[in-house]
Every structure is written in C-alpha cells, then in structure tokens.
Amino acid sequence: MLARFAREPHQEASVVVVTSALRASVEDSGDHMAGLSRVRQSLAAIGHRLGTAWNPSYYGKDLVLVRAGKHAVPAGLCMEPPAGGSDSGVRHGWAFDFVSLSGSGDERREGLLRACYAISMAARLRRDRPDLRPCRAADVLLRVPGLLSPERGASLLAGVLVRPLGGADEGSGALPGEDPRFPGVPSADAWDVFAQRPPQRGLYAVSDVHDIEWGTLDRESGERVTEGSAHELLPLSTAWLDGSLPVADVLDRAYRLRVRRESLLSRHLRALSDAVAAGGRLFATLGDGLSGVVSDAALMRSAMVAANAESAGRMHSGAGVAPMDERGLTAARRRAHFSLHVTKALKGTGHQERFFHAFGNPLDSRAADSVVGFLSALRRAGPGTPGFHHLTHALRWRDWWRLHLPPTAQGHIDQLFASIQESIPDTSAGA
C-alpha cells in the first residue's frame, strides 16, 4: 500500500501508526498463535473502523494509516482504547505526523518508510507511557532523553521493524503467496489456508531467532556468540540521550542499521525455508521465525544448521518440533513451542539442544543442569531483565519439563518452580 501511495503525486501525507503490546497479548493468551491472532484481529478492526480514506495497511507488526494532505487524527483513535480494539483485550498505542513527499517513486516510498519508523517508535512510547499526552511523533521523541536509560532507548530504536525493506533494495519484492516482509518465504495468509486441512503425518515445526535484541553470550566464557540489534544500537542511543547527537541524525543512522539487520533476518529465514522445501513447508507466521510442517526431524535439524551457518556471529535461531497425531494441530503446535522453549533455555551452551529439540526427547543431566541454571539466573535477576518472560513459559510447561528432565534434576526444578510461583501467576492452563 505504501508503494502504491508513493506513486501518486501527493506532496504531503498524514501518517498514523497504531502499535500493540504483542508480547503481553501472547503471554496472556497462553498460546503463541492465539495471541498473534488477537493482535491481528484487533488492528484489523481498528483499520476497518477508520475507513478506506486512511488507506489502512501494515508496517511490520503495526497498523499504518496514510492519507494525502494534512488531516486531523481520526476521531476513533482519540478514544481510550482506540475504536475497534476495545473488546480484544489488546493494549494499543498510537502516534501521527505530517510527511513531505518529493522525488522519484522509490524516494517517496523510502520517505514514507522512514517516517513510519519514527512514528512507530513514538506509538510504542505512548503505549508504554499513557501519561505522555503529545501524540505527534516529533513532539514525543523530543521527550525521550528525559524518560529512558540508554538500554531502554536502544530497545526502542531496535523494536520497530523496518519492513517492507527500503525502496532502493535489490530484487522485485515478494511474489503472490509470499510474505511481503520476506520475499521468497510463504506468507502467514498461506498458512491460514494450509491450516484448514493440515497433513495428518509429519512434524509441526516452529523456529525463532534467539536474543534478537541483545544477542547471545557464551555462558562459560562470557564471549559474544551473536550481536543483537539493540546491542548494535546502544552507542547511538547513548549519544541521543546525552544530547551529543540530534534526534534527526539518530533516526537516520538507526534506520540504516535497522534496514541492514532486517535484510539479514530476511536472508536467514529464507535460507531456513529453502532448506526444508524438499520435505515440508514453513510459513512466516511469527515476527522473527517460521512455522509449518516438515517430514522428519533430521530435515529440520539440518535446515537449522544451514541457516545458522549462513548468519553465524550475527544471529541464530532455535527450532522445536512435535509429531502430528490424532490430538490435532493445536496440540502439536503447543508441544513444538515447548521444544522451542527448550532451545531458549540452552542458548549460549554447547548442548546440541541449544538450536534444535524434538518433543519427547529427554535431556541428559548436564543439559538439565544448564536449564536449571538459566531459569534460576532469570529468577534472581527479577522482572525487567531481558528474557524474564521465559519464566512464565517454564511455569506454564512445568509438567513437560518434568517429563524431559532426568530424576537427578527433579528436586531442583521443583524448588525453582515453587520460587517462581511466588512472583508469577500460574499459567499452566495454557499448556
């Protein structure tokens, strides 16, 4: 939609971005796909309510609304919560700005994409800080130095997805049936059709990039295994917040870094998708990962090795698989998500399950000790620590952890679950 709009001879546009508390919605739902569906439906409802005059579409995980000329913010957005999202239970934030357009079609599209990057950041800040009354992005971002730490600022710069990629990117873009964010990868819409009649045999598979914001450290040496997008942006955030770099320069440099990282992510996911093509199909149904059905575990494992080798030192993924059986797709999906959770609990270690795990395969005692160590460290660090949400998953899936850990680890994991229970509500119903 942004590309089509940019081809028209508009000199100025009013742009609104509506974001959502995606991770909170996923956690509250107790099921990844259910949480994602709630967010998509809520944003779609807001776009529908505001009408076609605002050209609703998506910018990464956000809703973007574009209209030629200068216009007041749609009245429905000034409601709390925004019109369309009130029944979904999804927390939203929004911001707007006016954008001047000039140059060729590619230059105009690039200008829109860069504007959406800044507006989306302002929307996220307003989502998390309801006390922020200014709604124009330029005014909101001027408040950042007095509100955030350098680490929080880096997360803000890294949290916005700059997709579709910039107008000067090589290639003709996505073909029909492919995800517009990831040319060459089947889209989530294709998965929706596929899921109506999934195969009765094979394995459900789900992948996700580990530590995409802050990267992964080796647990023994402390050396960096991969660099995260927020870690890469930390020097820019520091310069922004201490006043040594104007916000316009910060946004320009950050945008270019984000395009580079998203291009890397696109190549990483396409390598994974291509590697299973002989015996399966993966869809871009998660923000930083894929899901679908593969013929066997060896195929998915080898695909993970290939994709991680392609982006070694910059990003890597973990994947979980679970058999499709008479319990159906939903049951297989939940079990595969547990196995993906196993890989996250072992990231930064030398155990083979750090990047691939099949549901039902028990862990040895050394891997079990690493799991307990990882979860215990998160528990001690407390809320606000990157990755703290993994404790919610662990509590929800505690019976499955007991199934996969050896008897020697049972006492330690039970003590850990008891301590987690003191501060995190029981979410076991999601399993």
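Up top you'll find the structure we're talking about.
What you see as residue numbers is a count from 1 along each chain, following the sequence as written. The predicted nature of this model means local features are confined to residues of pLDDT at least 70 and side-chain atom pairs, given and counted, to a pLDDT of 80 or more, with totals for whole chains, interfaces and linings taken over all residues. Calculated side-chain values reflect all of the structure's heavy atoms, with hydrogen atoms and water omitted.

Trainee: How would you explain the overall build of the protein chain if you had to name every residue and give the values?
Mentor: Along the protein chain, the regular secondary structure elements total 15 helices and 13 strands. Residues counted as buried form 54% of the 431 residues belonging to the protein chain. Contacts are assigned to residue pairs with any non-hydrogen atoms lying within 4.5 Å of each other. Across the protein chain, contacts joining residues at least 24 apart in sequence account for 69% of those joining residues at least 6 apart. The accessible surface values rely on the Shrake-Rupley method and a 1.4 Å probe; as for residues, cover is taken only from the protein chains in view. Accessible surface, the protein chain: about 18,600 Å² in total, of which carbon and sulfur atoms supply 51%. Helical segments are the DSSP runs of H or I of at least four residues, strand segments are the runs of E of at least two, and each set is numbered from the N terminus. Note on exposure labels: buried denotes an accessible area under 20% of the residue type's maximum, exposed denotes more than 50%, and partly exposed covers the range between, all computed with a 1.4 Å probe on protein chains only.

Trainee: Can you tell me about the environment of Ala309, naming the residues and giving the values?
Mentor: Within the secondary structure, Ala309 is located in helix H10 (residues 297–310). Sequence separation between Ala309 and Ala271 is 38 residues; the distance between their C-alpha atoms is 9.9 Å.

Trainee: Just give me the short version of the pairing of strand S1 (residues 12–20), but keep the residues and values in it.
Mentor: Here is the key point about a regular strand: its side chains alternate between the two faces of the sheet. Of all nine residues making up S1, eight are buried, and the element is well covered by its neighbours. In this structure, S1 lies alongside strand S4 (residues 92–100), joined through nine bridges in antiparallel fashion. The residue of S4 that forms the bridge with Ser20 is His92. Where S1 lies against strand S3 (residues 62–68), six bridges are found, and the strand directions are antiparallel. Across the sheet, residue Ala13 finds its bridge partner in S3, namely Ala68. At least two DSSP bridges between two strands are needed for those strands to be called paired.

Trainee: Can you lay out the pattern of salt bridges for me, pointing to particular residues and giving the numbers?
Mentor: Once the charged atoms of two side chains with opposite charge are near each other, the side chains can pair. Basic side-chain nitrogens of Lys or Arg form a salt bridge, by our definition, when they fall within 4 Å of a carboxyl oxygen of Asp or Glu. Counted under the stated rule, the structure contains 16 salt bridges. Between Glu110 and Arg114 there is a salt bridge; the shortest N-O distance is 3.4 Å. Of the two residues, Glu110 and Arg114 are both situated in helix H4 (residues 105–128); the distance of four residues between them amounts to about one turn of the helix. With a closest N to O distance of 2.5 Å, Arg260 and Glu232 form a salt bridge. Taken together, the residues Arg260 in helix H9 (residues 247–275) and Glu232 in helix H8 (residues 229–241) connect sequence positions 28 residues apart.

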